Amino acid sequence: MFSAEQLENIKTRKELVALSKIEGINLKKSIKRAKYEEDLKLLQTELALLQEHIEKKNLRVAVIFEGRDAAGKGGSIKRFVEFLNPNSTGVVALSKPTDVERGQWYFQRYIEELPNSGQIKFFDRSWYNRAVVEPVMGFCSEKQYETFMKQVPNFEHMLYEDGIIVIKFWFDISRDEQQKRFDARLGNPLKEWKFSPVDLKGQELWDELTEYKEMMFTETHTSYCPWVIVETNDKEEARLESLRYVLSRFKYPRKGKTKANLKNDPNVIFKYFRKNQKFDL
């Protein structure tokens, strides 16, 4: 990266290009990164304004992040909560159920994590584990799966009727890009903990996961709780677009104060009915 002193001495574009060559810096990549950082800062400021509104109006908001492994769910959630007031927000990332929880109604442990008045909660995976991962990996029975698929639209309708705002993201990633990210994790001792045998199995069972994913969309995409698809081969773009989408769902005081671009790119983020199949071919 350029130092502050170097940039201060730059007077023309030609000088900037020459310096980038001397320093071995990819100028196009550096400019894109700088633009991303600036856009992210503005959108996070807008999100803080939205949080004030949620607190004041006693709203309850649950944002669900689903998708294949390594699609960037955790990284996006991190950017959402980075500058929010922790007293009125939270991240829900439940581990595998205990023996007691296995004997409960499937939705019970998720109900306990739903937002209280004035809160916004972010779910790093959710009750939709049972729609895709569990049946493919053999973590639930066929009967349990069928029961879940019958109950989930009604469950979400009850949340809707009670005033809980649920936003459902599916982070889509291509098979090749997923493999690249897996390889990067295995080659980095600081990220190896992110890789598990289930991740590897997910590559082997790609087509089966696709089949269950499409059944999930068909059965659970509703007018009151639609699926929003985010193309995530470009992680930074996906983070910005998911932030913009959440902001677009609300009217709040001083909206647009930061002059941030709040318009979504329909080629990156869209409702399920506009879904193309390019990543699953």
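Right above here is the structure, for reference.
Residues numbered from 1 in each chain as written. Predicted model: local features only at pLDDT ≥ 70, side-chain atom pairs only at ≥ 80, totals over all residues. Heavy atoms only, no water.

Bringing the packing of helix α10 (residues 197-204) against helix α11 (residues 206-220) into the picture now. At their nearest, the axes of α10 and α11 sit 5 Å apart, and the two run at 85° to each other. On the basis of their axis angle, the class for α10 and α11 is roughly perpendicular. Where α10 approaches α11, its residues Gly 202, Gln 203 and Glu 204 are matched on the opposing element by Trp 206, Glu 208 and Leu 209. In the contact of α10 with α11, the residues fall into two nonpolar, two polar and two charged. (Axes fitted to C-alpha atoms, helices over the stretch in contact; angles between N-to-C directions. Helix = DSSP H or I, 4+ residues; strand = E, 2+ residues; numbered from the N terminus. Parallel < 35°, antiparallel > 145°, perpendicular 65-115°, else oblique. Contact = heavy atoms within 4.5 Å. Nonpolar A, V, L, I, M, F, W, Y, C, P; charged D, E, K, R; others polar.)

Right, let's get into the environment of Gly 72. Mapped onto the secondary structure, Gly 72 falls in the loop between β1 (60-67) and α4 (73-81). The spacing of Gly 72 and Gln 178 is 106 residues in sequence and 9.9 Å in space, taken between C-alpha atoms. Among residues more than four places away in sequence, those in contact with Gly 72 are Phe 171 and Arg 181.

What follows covers the environment of Arg 185. Relative to the elements of secondary structure, Arg 185 occurs in helix α9 (residues 175-186). Accessibility expressed as a relative area gives 16% for Arg 185, which makes it buried. Along the backbone, Arg 185 and Phe 195 are ten residues apart, and their C-alpha atoms lie at a distance of 6.7 Å. (Buried < 20%, exposed > 50% of the residue type's maximum accessible area, 1.4 Å probe, protein only.)

Let's shift gears to the packing of aromatic side chains. Applying the stated criterion across every chain yields a total of 26 aromatic pairs. Ring geometry for Phe 65 versus Phe 122: centroids 6.5 Å apart, planes at 45°, classification tilted. Of the two residues, Phe 65 sits in strand β1 while Phe 122 sits in strand β3 (residues 119-124), which places them 57 residues apart along the sequence. With a relative accessible area of 0%, Phe 65 lands in the buried category. Among the residues examined, Phe 122 registers a relative accessible area of 0% and is labelled buried. (Phe/Tyr/Trp six-rings, centres within 6.5 Å; stacked < 30°, edge-to-face > 60°.)

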